[in-house]
Amino acid sequence: MGFKIVPRPSQERGHADHDWLKTFHTFSFASYQENKHSQFGTLRVINEDRVAPGTGFGTHSHREFEIFSYVVAGQLEHKDSMGNVEILKRGDLQLTSAGTGISHSEKTHGLKQAHFLQIWSLPSVSGLKPKYFTRHFSDADKRDQWARIVANVDAQGVLKDSREGEGPAPVQSPLTLYATLLSEGKGLTQTIKGSKGYIHVVQTSGYNTKEATGAGVRVTGAPGVEAELREGDGAYLHFENGGELKVENIGDKTAEVLLFDLE
């Protein structure tokens, strides 16, 4: 099969405007159900959420999911049944390993809308004790380089039990998540170890339900096999035995890009 890119155009994702919440769903979620886009490897949810000031997700429960939030703009107040209370801001990566079960709430803090990506993956082991982690990655950490922000709990350089600290957050899934802020005219390569990957261009210019605009990148994984993506677009990546992925900024503004290696 070699290498294959299957684009996931932004306007084809599930989306909803609930006034207090404007959201996109890459995979089946809530009222959006699409069998062709229900899961990819261990990835189960990629929601790009914008939550109005004074509102948010009230206390609700989860179990047997790895749930992480990537904060793009604004501030998000997290509270959970483990006693964690935290205000998350741009650059923060919060990971909850729900395990046998937790309850939490996520609400906008302050007077500005909170914009974040909510990502769920399936754990490799069930029945784990719930845990909570936060990490911070500045814009400088991501500028024209891949920052490894989430990695498997057993990967090199991962602090398994430190609630805070350096390096990627430890996920109980065969998954690595990289992030970059790619400047105009710049390009990066990344080795993908697994047979699957997923790439997403963050919708930094604003909520747009029509054809994607804004920052643009070209994704290349083999000679003659490439795709151009704009803000909100994503793509499924299929590798025979891993390989090199190249991402180039072809637009006129910085592109914020997330890249998953589904090992």
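Residues numbered from 1 in each chain as written. Predicted model: local features only at pLDDT ≥ 70, side-chain atom pairs only at ≥ 80, totals over all residues. Heavy atoms only, no water.

### Some points on the packing of aromatic side chains
What characterises a pair of aromatic rings is the spacing of the ring centres plus the angle enclosed by the ring planes. Using the criterion set out here, one finds 10 aromatic pairs in the structure. The interplanar angle of 55 degrees and the centroid separation of 4.8 Å between the aromatic rings of Phe3 and Phe239 together place this pair among those described as tilted. Separated by 236 residues along the polypeptide, Phe3 in the segment before strand 1 (4–8) and Phe239 in the loop between strand 20 (234–238) and strand 21 (243–249) bring together distant segments of the chain. Residues Phe27 and Tyr198 carry aromatic rings whose centres are separated by 6.2 Å and whose planes lie at 50 degrees to one another, so their mutual orientation is tilted. Placement of Phe27 in the loop between strand 3 (21–25) and strand 4 (43–51) and of Tyr198 in strand 17 (residues 196–201) is noted, with a sequence separation of 171 residues between them. For Phe27, a relative accessible area of 0% translates into the label buried. Given a relative accessible area of 0%, Tyr198 falls into the buried group. (Phe/Tyr/Trp six-rings, centres within 6.5 Å; stacked < 30°, edge-to-face > 60°. Helix = DSSP H or I, 4+ residues; strand = E, 2+ residues; numbered from the N terminus. Buried < 20%, exposed > 50% of the residue type's maximum accessible area, 1.4 Å probe, protein only.)

### Side note on the UniProt feature "domain: Pirin N-terminal" (unreviewed entry) in the protein
When the UniProt feature table is mapped to this numbering, "domain: Pirin N-terminal" (unreviewed entry) covers residues 12–120. Between the C-alpha atoms that bound residues 12–120 the distance is 20 Å, and the span itself is 0% helix and 59% strand. (UniProt positions renumbered as here; feature names shortened; annotations may be inferred.)

### Quick look at the pairing of strand 8 (residues 85–88)
With burial as the criterion, only one face of strand 8 is covered, namely that bearing Glu86 and Leu88; the residues Val85 and Ile87 on the opposite face remain uncovered. Alignment of strand 7 (residues 75–80) against strand 8, held across four bridges, turns out to be antiparallel. Residue Glu77 lies in a different strand from strand 8, and its bridge partner there is Ile87. The antiparallel hairpin formed by strand 7 and strand 8 contains four residues in its connecting segment, where Gly83 sits at a positive phi of about 95 degrees. (Pairing = 2+ DSSP bridges.)

### Description of the UniProt feature "binding site: Fe cation" (unreviewed entry) in the protein
The feature "binding site: Fe cation" (unreviewed entry), as given by UniProt, occupies His60, His62, His104 and Glu106 in the numbering adopted here. The greatest C-alpha distance among the residues just named is 13.0 Å, despite their covering 47 residues of sequence, which places them together in space. Here His104 is in contact with Gly58, Thr59, His60, His62, His78, Lys79 and Asp80, once residues within four sequence places are set aside. With respect to the helices and strands, Glu106 occurs in strand 10 (residues 102–109). When neighbours within four sequence positions are excluded, Glu106 is seen to be in contact with Gly56, Phe57, Leu76, Glu77, His78 and Gln94. (Contact = heavy atoms within 4.5 Å.)

### Remarks on the side chain of Thr180
In this structure, Thr180 sits in strand 15 (residues 176–182). On the accessibility criterion, Thr180 (0% relative accessible area) is buried. Of note is the side chain of Thr180, whose polar atom sits 3.0 Å from the backbone oxygen of Gln145. Apart from the residues within four sequence positions on either side, Thr180 is in contact with Lys142, Asp144, Gln145, Trp146, Leu188, Ala255, Glu256 and Val257. (Polar contact = N/O pair within 3.5 Å; in protein donor to acceptor, adjacent residues only side chain to side chain.)

### A look at the environment of Leu245
Secondary-structure assignment places Leu245 in strand 21. For the pair Leu245 and Leu188, spaced 57 residues apart in the sequence, the C-alpha separation amounts to 8.2 Å.

### Some details on unusual backbone geometry
As a rule of thumb, non-glycine residues mostly have phi less than zero, and peptide bonds are mostly trans rather than cis. Positioned with a positive phi, Asp19 is a non-glycine residue whose angle comes to about 75 degrees. Its identity as a non-glycine residue notwithstanding, Asp144 has a phi of 55 degrees, on the positive side.

### Comments concerning the sheet that holds strand 22 (residues 255–262)
Read across the open sheet, the seven strands follow the order 1-20-17-22-15-13-14; overall the sheet is mixed. Bordering the open sheet on either side are strand 1 and strand 14 (169–171), each of which pairs with just one other strand. Recorded for the sheet is a direction-independent mean angle of 20 degrees between the axes of neighbouring strands. Sheet analysis places strand 1 next to strand 20, joined by five bridges and oriented antiparallel. Looking at the pairing, Val6 lines up with Tyr236 of strand 20. (Axes fitted to C-alpha atoms, helices over the stretch in contact; angles between N-to-C directions.)

### With respect to the sheet that holds strand 21
Taken together, the four strands give an open sheet; going across it, the order is 16-21-18-19, and neighbouring strands pair in antiparallel fashion. Each edge of the open sheet is held by one strand with a lone partner, namely strand 16 (187–192) and strand 19 (225–230). Here the average twist between neighbouring strands, direction ignored, is 20 degrees. Relative to strand 21, strand 18 (residues 216–222) runs antiparallel, the two being bridged by four bridges. Within strand 21, the residue paired with Thr220 across the bridge is Lys246.

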